[in-house]
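Chain by chain, the residues run as shown.
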Amino acid sequence: MAYDSNNIFARILRGEIPCDKVYEDEHVLAFRDIRPQARAHALIIPKGAYVSLEDFSARASEAEIVAFHRAIPKVTALIGVNVTGYRAIANSGADSHQEVPHYHLHLLGGQRLGPLLNLA
Ligand code: DGP
């Protein structure tokens, strides 16, 4: 799938749309999800143009991948879930119900989250 440079997270990265920023460095931006599904719900995204976790894992540089993962404990501390625990979810591709085609990792916590999936 080709990267759509007009997706909503690309527009947030370009400063065209505001976000509730939690953390930023050279390679990574983290902000609160606009439709939180837990008391704490942030998204971490790479600044590079990657469609999904699948795409990021295949094509990102080692520096980008390391920066992304090193940002996780910084963000979980900033949103207050590093001690109590959290769930990290990356929807990737059609079956996953990924809505925004720019790789993002959901970090959810601040409450008991229950089982991983509840498939109908
Ligand atoms: P996913 O289904 O994994 O692609 O999740 C996309 C998430 O992005 C969803 O939880 C809502 C969030 N989202 C969509 N548009 C915006 C926006 O403009 N700002 C913020 N902060 N989050 C958004």
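As the structure is a computational prediction, the values presented were derived from the model and not from experiment.

Quick notes on the rules
Counting from 1, residues in each chain are numbered in the order their sequence is written. Confidence filtering applies because this is a predicted model: local features only for residues at pLDDT of at least 70, side-chain atom pairs given and counted only at 80 or more, and all residues used for totals across whole chains, interfaces and linings. Side-chain figures throughout are based on the complete set of non-hydrogen atoms in the structure, without hydrogens or water. By convention in these notes, a salt bridge is any Lys or Arg side-chain nitrogen within 4 Å of a carboxyl oxygen on Asp or Glu. We call a residue buried when its accessible area falls under 20% of the maximum for its residue type, exposed when it is over 50%, and partly exposed in between, using a 1.4 Å probe and counting protein chains only. When the centres of two rings from Phe, Tyr and Trp lie within 6.5 Å, Trp using its six-membered ring, the rings pair. Their planes under 30 degrees apart give stacked, over 60 give edge-to-face, and anything left gives tilted. A helix here means a DSSP run of H or I that spans at least four residues, while a strand means a run of E at least two residues long, and both kinds are numbered starting from the N terminus. As used in this record, nonpolar core signifies buried Ala, Val, Leu, Ile, Met, Phe, Trp, Tyr and Cys residues forming a set joined through side-chain atoms within 4.5 Å. Contacts between residues were defined by any pair of non-hydrogen atoms, one from each residue, lying within 4.5 Å.

*Asks:* I tried to follow the pattern of salt bridges on my own but got confused; where do I start?
*Replies:* One side chain can pair with another of opposite charge once the charged atoms of both are near each other. The full count for this structure, using the stated rule, is 6 salt bridges. A salt bridge links Arg 11 to Glu 16; its shortest N-O distance comes to 3.2 Å. Assessed through its relative accessible area of 43%, Glu 16 is described here as partly exposed. Put simply, Glu 24 and Lys 47 hold a salt bridge, and the shortest N to O gap is 2.8 Å.

*Asks:* What's the story with the packing of aromatic side chains in this structure? I'm lost.
*Replies:* Within this structure, the stated rule accounts for 5 aromatic pairs. Measuring from ring centre to ring centre gives 5.3 Å for Phe 56 and Phe 68, while their planes differ by 50°; the resulting arrangement is tilted. Of this pair, Phe 56 sits in helix α2 (residues 53–59) while Phe 68 sits in helix α3 (residues 62–78); the two residues are 12 residues apart in sequence, bridging distant segments of the chain. For Phe 56, a relative accessible area of 2% puts it in the buried group. In textbook terms, an aromatic cluster arises when at least three aromatic residues are bridged by ring pairs, as seen for Tyr 50, Phe 56, Phe 68 and Tyr 103.

*Asks:* In this structure, what is going on with the nonpolar core? I would like to understand it.
*Replies:* Membership of the largest hydrophobic core comes to 20 residues, with the highest contact counts inside it found for Tyr 23, Val 28, Ile 44, Phe 68, Val 75, Ile 79 and Leu 107. Looking at this core, the elements that each hand over two or more residues are β1 (21–24), β2 (28–32), β3 (40–46), α3 and β5 (105–109). A total of 5 residues in this core trace back to one element, the largest contributor, which is α3. Leave out the neighbours within four places in its chain, and Leu 107 touches Ala 40, His 41, Ala 42, Ile 44, Ile 72, Val 75, Thr 76, Ile 79, Tyr 86, Arg 87 and Ala 88.

*Asks:* Explain the side chain of Thr 76 to me, please; I cannot follow it from the model alone.
*Replies:* When you line up the elements, Thr 76 lands in helix α3. Its relative accessible area of 1% is what places Thr 76 among the buried residues. For Thr 76, the residues in contact, after removing those within four places along its chain, are Val 81, Asn 82, Tyr 86 and Leu 107.

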